[in-house]
Amino acid sequence: MTTAAILGLIAIVGYALIAPAAARWMAPSVATKLVIAGNVLSAASGVFILAVLAFTWIGQFPFVAAQGAWSPAALHSDSPVPAWPAAIAGCLVLLALLSVLVTGLRQMRALVEVHRACRGLTAVGDLVVLDDERPDAFSTPQPAGRVIVTSGLLRALDPRQRAVLLAHEKSHLQHHHAWWNLAAGLTAAVNPVLRPAARAAATAVERWADEDAARAVGDRRLVATTLVRVAQLQTRFVHPEAVVGATGGDLETRVRALLAPPPRHRPLVIAAAIAAFALFALPAAAVQHTGEALFEHAERPVAGQHT
Amino acid sequence: MSRGRGDLEQQVFAALAADGGAMTTSDVRDALGGELAYTTVMTVLGRMAAKGLATRQRVGRSYAYTAVVDSAEVAAHQLHRLLDARGDRAAVLTRFARGLSAEESQLLVDLLQDDE
């Protein structure tokens, strides 16, 4: 069980190291879905493995053992996990659950706040133009998602650049990108090791919208120049501290990708990624199996004769 | 370039809002790059006026249109707070681009030039 648990945790770290590079190899829509699915699996399997380890220790408390059907003494002598690593595992599980709860609640509150702000606005389709000098554009999550663009930004762009901007934001709404980003953020809250992978997913989300915009206007280079233009316009207005929190993705990566030929779908890379996920799940399954066996073995002889 | 009806309406509205003032149908057509048929732009503007998205006044034999940009004060105030969003509020928004440092900006300009 200890070996399986250690392998499982190593698999998670391995995934976290590989995922950002793997994301660049895939078409952005595929990268978004696979990396976020991988993050969710890794976050869940990490918590699961640590919880099983912790329970080999928690299960030895007499009042817990009384609830179950096992003997604390038998469990103590059988358990391959010493008390202190199990206790640490328990603390990590608690921390992870607390962190995801706090992040989730704060994001929910922010969602409500954003929706309240957009309620009752005059929208052309889902486009809201805000009378403001500062150049800015963003979209809010579906359902009832809105594209919000300032008049200052519209003024600073030419017609073709405006078409890029609107097509990019439309893609965000159409593919529910805000929700993908929120999911990625939650996995990073569960396990900080997954932070680089979550950032890579956020960049993939922006790349996805960039590719959709490039297809809509039929000009990849135009999308790249529009991106740089908007970023430069914003630099003059946005406070440097605000830059950190904004989810613009990695601009350099996006511009380089747009100047390169369009991404191809690589079925082999996708198949390899899915195979890797399955492989990563094996240690967690082994932990589950051996954990169950451990508690069954420690069962009191009287237990199970309920009939 | 093919565009849906809703997309076209957004483009026209964006052009009107960018200008801020009153625009005739040919002004709007020029502002959209001049590739659309006059009658197409006229139809879209007429529909927007009917929906209350634009106001119009007579100029000679045709109309000049002005975009109705939301002036609901409370909503506008809340939206301004979204513009300044940080942390969780920023996390629920997908932003087109963010500001750049001087070095980043130079790097991107170089990238675009190399590509030419």
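Residues numbered from 1 in each chain as written. Chains lettered and ligands numbered in written order. Predicted model: local features only at pLDDT ≥ 70, side-chain atom pairs only at ≥ 80, totals over all residues. Heavy atoms only, no water.

As named in an unreviewed UniProt entry, chain B is Putative transcriptional regulator, taken from Kribbella jejuensis.

Under an unreviewed UniProt entry, chain A has the name Peptidase M48-like protein and belongs to Kribbella jejuensis.

## Some remarks on the overall build of chain A
This is how it is decided: Each helix corresponds to a stretch of at least 4 residues labelled H or I by DSSP, and each strand to a stretch of at least 2 residues labelled E; elements are numbered beginning at the N terminus. All radius of gyration figures rest on C-alpha atoms, and the globule criterion is 2.2 Å times the number of residues raised to 0.38. Burial classification: accessible surface area is computed with a 1.4 Å probe over protein chains only, and a residue below 20% of its type maximum counts as buried, one above 50% as exposed, and the rest as partly exposed.
Looking only at helices and strands, chain A features 13 helices and three strands. For chain A, the C-alpha radius of gyration of 24 Å lies well beyond 19 Å, the compact-globule estimate for 307 residues. Referenced to the eigenvectors of the C-alpha coordinate spread, the extents of chain A come out at roughly 80 × 45 × 40 Å. Classification of the 307 residues of chain A by burial places 50% in the buried group.

## A closer look at the overall build of chain B
Put simply, the test is: Contacts are residue-level and defined by heavy atoms, with any inter-residue pair within 4.5 Å sufficient. Surface exposure here means Shrake-Rupley accessible area, sampled with a 1.4 Å probe, where a residue is shielded only by the protein chains that are shown.
If you tally the helices and strands in chain B, you get six helices and four strands. Along chain B, from the amino end to the carboxyl end, the secondary structure elements read α-β-α-α-β-β-α-α-β-α. A buried classification covers 45% of the 116 residues belonging to chain B. Long-range contacts, defined as pairs at least 24 residues apart, comprise 44% of the intrachain contacts of chain B with a sequence gap of at least 6. Summing over all exposed atoms, chain B offers an accessible surface of approximately 5,800 Å²; the carbon and sulfur share of this is 48%.

## Some points on the nonpolar core
As a rule of thumb, soluble globular proteins bury nonpolar side chains together. Here is the rule we go by: By nonpolar core we mean a set of buried residues, namely Ala, Val, Leu, Ile, Met, Phe, Trp, Tyr and Cys, connected to one another through side-chain atoms within 4.5 Å. Domain start and stop positions are those given by an automatic or database domain assignment.
Membership of the largest hydrophobic core comes to 58 residues, with the highest contact counts inside it found for Val149, Leu153 and Val255 of chain A together with Phe13, Leu16, Val28 and Met48 of chain B. When residues of this core are assigned to domains, at least three map to each of domain 1 (5–67) and domain 2 (71–114) of chain B. Not counting the four nearest positions on each side in its chain, Met48 of chain B is found in contact with Glu9, Val12, Phe13, Leu16, Leu53 and Ala54 of chain B. Counting residues in hydrophobic clusters, the runner-up holds 46 residues, among them Ala16, Ile49, Leu50 and Ala96 of chain A.

## Here we look at the UniProt feature "transmembrane region" (unreviewed entry) in chain A
Residue and element names in this part refer to chain A. The line we're drawing: UniProt positions are given in the numbering used here, feature names are shortened, and annotations may be inferred rather than shown by experiment.
Mapped onto this structure's residue numbering, the UniProt feature "transmembrane region" (unreviewed entry) falls at residues 6–27, 34–63, 83–105 and 268–287. Structurally, residues 34–63 comprises 90% helix and 0% strand, and the distance from its first C-alpha atom to its last is 43 Å. This span, residues 83–105, is 100% helix and 0% strand, and a straight line between its end C-alpha atoms measures 33 Å.

## A closer look at the side chain of Ser71 of chain A
Tracing the chain through its elements places Ser71 of chain A in the loop between helix H3 (62–67) and helix H4 (72–78). Take Ser71 of chain A: its relative accessible area is 18%, and that puts it in the buried class.

## As for the domain arrangement of chain B
As far as domains go, chain B holds domain 1 (5–67) and domain 2 (71–114). One C-alpha centre belongs to domain 1 of chain B, the other to domain 2 of chain B, and the line joining them spans 28 Å.

## Considering the pairing of strand E1 (residues 127–130) of chain A
One face of the sheet, then the other: side chains in a regular strand alternate in exactly this way. Residue and element names in this part refer to chain A. Put simply, the rule reads: Strands qualify as paired when DSSP identifies two bridges or more between them.
Alternating residues of E1 divide into Leu127 and Val129 and Val128 and Leu130, and every residue in both groups is buried. Where E1 and strand E3 (residues 147–150) come together, four bridges link them in parallel fashion. Paired with Val129 across the strands is Val149, a residue of E3.

## Digging into the sheet that holds E3 of chain A
Ordered by their spatial adjacency, four strands build an open sheet running E1(A)-E3(A)-E2(A)-E4(B), and the pairing between neighbours is mixed. What marks the edges here is a single partner per strand, and that holds for E1 of chain A together with strand E4 (94–95) of chain B. Here strand E2 (residues 137–139) of chain A runs beside E4 of chain B; their pairing, made up of two bridges, is antiparallel. Bridge assignment links Phe138 of chain A to a residue of E4 of chain B, and that residue is Arg95 of chain B.

## Examining the environment of Asn191 of chain A
Mapping Asn191 of chain A onto the fold places it in the loop between helix H8 (177–190) and helix H9 (195–217). Distance from Asn191 of chain A to Leu121 of chain A, taken between C-alpha atoms, is 38 Å for residues 70 residues apart in sequence.

## Topic: H8 of chain A
The condition that has to hold: The span one expects for a helix is its residue count, reduced by one, times 1.5 Å.
Helix length check: H8 of chain A (14 residues) gives 20 Å between terminal C-alpha atoms against 20 Å at 1.5 Å per residue, within 8%. Along H8 of chain A, the residues classified as buried are His177, Ala178, Asn181, Leu182, Ala184, Thr187, Ala188, Ala189 and Val190 of chain A. In the core, the buried residues of H8 of chain A are packed alongside helix H2 (28–58), helix H5 (83–118), helix H7 (159–174) and H9 of chain A together with helix H5 (87–91) and E4 of chain B.

## Observations regarding the interface of chain A and chain B
The test is simple: Note on definitions: buried area is the accessible-area loss of two parts on being combined, 1.4 Å probe, summed for both. Put simply, a salt bridge is a Lys or Arg side-chain nitrogen that is within 4 Å of an Asp or Glu carboxyl oxygen. In the analysis that follows, any N or O atom pair within 3.5 Å is treated as a polar contact, provided that within protein one partner can donate a hydrogen and the other can accept it, and provided that, for residues neighboring in sequence, both atoms belong to side chains.
On the chain B side, the residues contacting the 75 residues of chain A number 47 residues. When chain A packs against chain B, close to 5,700 Å² is buried across both sides, 63% of that on carbon and sulfur atoms. Ranking the residues of chain A by area buried against chain B places Val124, Phe138 and Arg221 of chain A at the top, with a combined share of 11%. Linking chain A with chain B are two salt bridges. Taking the shortest distance from any N to any O, the salt bridge between Arg95 of chain B and Asp136 of chain A comes out at 2.5 Å. Between the two partners, chain A and chain B, sit seven residue pairs in polar contact (both at pLDDT 80 or more).

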